[in-house]
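# Remarks on the overall topology
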Amino acid sequence: QVQLVESGGGLVQPGGSLRLSCAASGSIFSIYAMGWYRQAPGKQRELVAVITSGGSTNYADSVKGRFTIFRDNAKNTVYLQMNSLKPEDTAVYYCNADLRSSTTMRRDDYWGQGTQVTVSS
């Protein structure tokens with residue numbers, strides 16, 4: 001069984017910063033990529049940022065230059081540093097991991113439970 005546990009969400013004023021973290025644990029054989037998605041009320045879930053095991057990154061245009069994704073492979077943990085936050089960044093942020101289970105040897109997507117980020121004055 002694989003678990004993704006997120007932390008770091010909360011309420012912040014416009015222009016402020018937050019750091020999200022997501023730790024993967026359990027029956028993990030290999031992690032190929034980890035990332036963050038978000039879903040605002042009434043909108044579809046969208047990619048925010050992703051990082052591969054080799055360190056390649058990809059960002060949504062709306063967060064480029066403001067958000068940074070990085071990971072600690074030894075800890076199976078991914079982070080999202082969010083700076084210069086805007087009200088439109090308000091959403092539930094979900095951690096995602098593309099990994100192979102050590103019990104089934106299947107490669108699948110796994111999701112965290114989500115953490116709320118609210119940007120408001």
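Residues numbered from 1 in each chain as written. Predicted model: local features only at pLDDT ≥ 70, side-chain atom pairs only at ≥ 80, totals over all residues. Heavy atoms only, no water.

### Comments concerning the pattern of salt bridges
Between side chains of opposite charge, pairing is possible as soon as their charged atoms come close. With the rule as written, the count across this model stands at six salt bridges. For the salt bridge of Asp108 with Arg106, the shortest nitrogen-to-oxygen distance reads 3.2 Å. Members of the salt-bridge network, linked through shared partners, are Arg38, Glu46, Arg66 and Asp89. (Salt bridge = Lys/Arg side-chain N within 4 Å of Asp/Glu carboxyl O.)

### Some thoughts on the state of the cysteines
Under the criterion given, the structure shown has one disulfide. One disulfide in the model links Cys22 with Cys95; its S-S distance is 2.1 Å. Taking the torsion about the S-S bond as the criterion, the Cys22 to Cys95 disulfide, at about -80°, is left-handed. Of the two residues, Cys22 is situated in strand β3 (residues 18-26) and Cys95 in strand β9 (residues 91-101); the sequence distance between them amounts to 73 residues. For the residue pair Cys22 and Cys95, the accessibility class agrees, reading buried in each case. (Disulfide = S-S within 2.5 Å. Helix = DSSP H or I, 4+ residues; strand = E, 2+ residues; numbered from the N terminus. Buried < 20%, exposed > 50% of the residue type's maximum accessible area, 1.4 Å probe, protein only.)

### Details of the packing of aromatic side chains
Under the counting rule described, the total for this entry stands at two aromatic pairs. On the numbers, 5.1 Å between centres and 65° between planes, the contact of Tyr37 with Trp111 is edge-to-face. Placement of Tyr37 in strand β4 (residues 28-39) and of Trp111 in strand β10 (residues 107-111) is noted, with a sequence separation of 74 residues between them. Since its relative accessible area comes to 38%, Trp111 is described here as partly exposed. Taking 5.0 Å as the distance between ring centres and 20° as the angle between the ring planes, the aromatic pair formed by Phe70 and Tyr79 counts as stacked. (Phe/Tyr/Trp six-rings, centres within 6.5 Å; stacked < 30°, edge-to-face > 60°.)

Everything listed here is a matter of coordinates, which is why it stays silent on function.
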